[in-house]
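What follows is the residue order along each chain.
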Amino acid sequence: MVKGTIIRLQGGFYDVMTESNQEIRCRARGNFRKRNISPVVGDDVVIQDQQDGTGYILEVEDRHNHLVRPPIANIDQAFLLFSVKEPAFSYHLLDRFLVLIESKQIHPIIVLTKMDLLDESEVESIQEAIKQYRAIGYDVIETSTEHARGVDEVRALFKGKTSVFAGQTGVGKSSLLNAVAPELDLATGQISKSLGRGKHTTRHVTLIQLGEGFVADTPGFSSLEFPEELETEELRWCFPEFVERHDDCKFRGCMHVNEPGCAIKRAVEEGEIASTRYENYVTFMEELNDRKRRY
Ligand SMILES: Nc1nc2c(ncn2[C@@H]2O[C@H](COP(=O)(O)OP(=O)(O)OP(=O)(O)O)[C@@H](O)[C@H]2O)c(=O)[nH]1
Ligand SMILES: [Mg+2]
Ligand SMILES: [Zn+2]
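Structural notes, computed from the coordinates. In this text the structure is predicted, and so the values were computed from the model without any measurement. (Residues numbered from 1 in each chain as written. Chains lettered and ligands numbered in written order. Predicted model: local features only at pLDDT ≥ 70, side-chain atom pairs only at ≥ 80, totals over all residues. Heavy atoms only, no water.)

Next up on the list: the overall build of the chain. A tally of helices and strands in the chain yields eight helices and 13 strands. Taking 295 residues into account, the globule formula puts the C-alpha radius of gyration at 19 Å, and the chain, at 21 Å, falls close to it. A burial count over the chain gives 49% of its 295 residues as buried. Of all intrachain contacts in the chain linking residues separated by at least 6 positions in sequence, the fraction that spans at least 24 positions is 62%. In the structure as shown, the chain presents an accessible area of about 15400 Å², 45% of it carried by carbon and sulfur atoms. Charged side chains of the chain number 36 positive and 47 negative; the gap between the two group centres comes to 6 Å. (Helix = DSSP H or I, 4+ residues; strand = E, 2+ residues; numbered from the N terminus. Rg over C-alpha atoms; globule rule 2.2 N^0.38 Å. Buried < 20%, exposed > 50% of the residue type's maximum accessible area, 1.4 Å probe, protein only. Contact = heavy atoms within 4.5 Å. Areas by Shrake-Rupley, 256 points an atom, 1.4 Å probe, with all protein chains shown as cover. Lys, Arg positive; Asp, Glu negative; His and termini not counted. Charge placed at Lys NZ, Arg CZ, Asp CG, Glu CD.)

Structure, rendered in structure tokens:
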């Protein structure tokens, strides 16, 4: 029996990197399906290796965390990639993604890609907007693979961690990973001119060992659903700038919507909290309420 980590899922097989750096192609034992466990990339597993060089997974260890999309487990940090153009930048999507990652208590890093596609005035307006996120305490890295911008910064953050690259199709996840480590030579794809988005070039989640860390390239998504278990009441804890001020609300259970003496609404009025963030909070809350009603 050998311990290892699943690095790839392909055609019904699980590729496992063992503790002694050997890659072994494995099948899962039938009883996982019965127990309702589907192993994902990032899972720590115990495998039985066989004479012919393949193996089968005997056991999946408990996960520290788990994302459904992209499907991956046991990550330390998530790089959330957003292109400033092609596909177009969206605050709504950024806030949605941040909520999703915060709700899983995973450390997010915001990465803006394709900065080279902006003219000077566009750069100014995006930097103005992104200031709000830096003020909240989020790391924001501006990158361009055309000018090798931000590449060293990204590479430095990989060290000793398991990271995931996530974002819409076509934002440049594989391209940025190639810029960080050209030897990876990952496939990249053009943006569809008619749809203005990517073409789902990356098809599988793959965990790659890079220097002293691991990073996962993932397929891009085209939409993003909140985790099923995310409750309306939890949403307010997914906005760090709300959490910071929560104790100043008049009511302890304040949801920051209709209550009087709400410190969050006051901070929005005073311009200390971005109104776009607050508006997205309210929109997400309605969405979660609707969802609850539907089930
Ligand atoms: N101008 C410019 N284009 C870029 C940059 N980064 C990526 N691209 C282009 O964007 C397109 C999509 O890049 P990919 O790396 O395939 O995007 P992806 O996020 O991996 O997409 P999926 O695998 O489909 O999820 C390619 O044509 C890249 O050349 C950049 O910094 N500047
Ligand atoms: Mg890709
Ligand atoms: Zn409040």
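Another point: the nonpolar core. Counting 46 residues, the largest nonpolar core has Ile57, Leu112 and Tyr133 as the members making the most contacts within it. Of the residues forming this core, the biggest block, six residues, is contributed by helix H2 (residues 91–103). When residues of this core are assigned to domains, at least three fall in each of domain 1 (2–62) and domain 2 (67–217). Once residues lying within four places of it in the same chain are set aside, the contact partners of Ile57 are Ile6, Tyr14, Cys26, Arg27, Ala28, Arg29, Phe32, Val45, Val46 and Ile47. Grouped together as the second largest cluster of nonpolar side chains are 21 residues, Ala263, Ala267, Val268 and Met285 included. (Core = buried A, V, L, I, M, F, W, Y, C linked by side-chain atoms within 4.5 Å. Domains from an automatic or database assignment.)

Packing of H2 against helix H8 (residues 275–294) brings their axes to within 10 Å, and their N-to-C directions diverge by 65 degrees. In the crossing of H2 with H8, the sense of the turn from one axis to the other is right-handed. Contact with H2, carried on its side by Tyr91, His92, Asp95, Arg96, Leu98 and Val99, involves Thr276, Arg277, Asn280, Thr283, Phe284 and Glu287 of H8 and no other residues of that element. Per-class residue counts for the contact of H2 with H8 are four nonpolar, four polar and four charged. (Axes fitted to C-alpha atoms, helices over the stretch in contact; angles between N-to-C directions. Left-handed = near helix turned anticlockwise from the far one by under 90°. Nonpolar A, V, L, I, M, F, W, Y, C, P; charged D, E, K, R; others polar.)

This next bit is on the coordination of the zinc ion (ligand 3). Coordination of the zinc ion (ligand 3) by the protein is provided by Cys249 (SG), Cys254 (SG), His256 (ND1) and Cys262 (SG), with metal-donor distances spanning 2.1 to 2.4 Å. Angles of 104 to 114 degrees at the metal separate the four donor atoms of the zinc ion (ligand 3), which places the site in the tetrahedral class. Counting residues between consecutive donors of the zinc ion (ligand 3) along the chain gives the motif C-x4-C-x1-H-x5-C. Its relative accessible area of 1% is what places Cys254 among the buried residues. You can call Cys262 buried: its relative accessible area is 5%. (Donors = N, O, S within 2.8 Å, 3.2 Å for Na, K, Ca; no water. Tetrahedral: all angles 85-135°; square planar, octahedral: opposite > 155°, others 65-115°.)

Next up on the list: the site of ligand 1. Inspection of the region around ligand 1 gives 23 residues, with Asp116, Thr169, Lys173, Ser175 and Thr202 positioned closest. In the model, an oxygen atom of ligand 1 is placed 3.0 Å from a nitrogen or oxygen of the Ser174 main chain. Here ligand 1, which alone exposes 660 Å², has 89% of that area covered by the protein. Split into classes, the residues belonging to the shell around ligand 1 amount to four nonpolar, 15 polar and four charged. (Near = heavy atom within 4 Å. Polar contact = N/O pair within 3.5 Å; in protein donor to acceptor, adjacent residues only side chain to side chain.)

Right, let's get into the side chain of His246. Looking at the element boundaries, His246 is found in the loop between helix H6 (240–243) and helix H7 (263–269). The class for His246 is buried, based on a relative accessible area of 8%. For His246, the contacting residues outside a window of four places in its chain are Arg236, Trp237, Arg252, Cys254, His256 and Ile264.

This part is about the pairing of strand E10 (residues 139–142). In the sheet, strand E9 (residues 107–113) pairs with E10 via four bridges, with the strands oriented parallel. From the neighbouring strand, Ile110 faces E10, where its bridge partner is Val140. Tracing the backbone out of E9, into helix H3 (residues 120–136) and back to the parallel element E10 gives a crossover that is right-handed. (Pairing = 2+ DSSP bridges. Right-handed = clockwise from strand over helix to strand, strands pointing away.)

So far we have only geometry, and geometry alone does not tell us how the molecule works.
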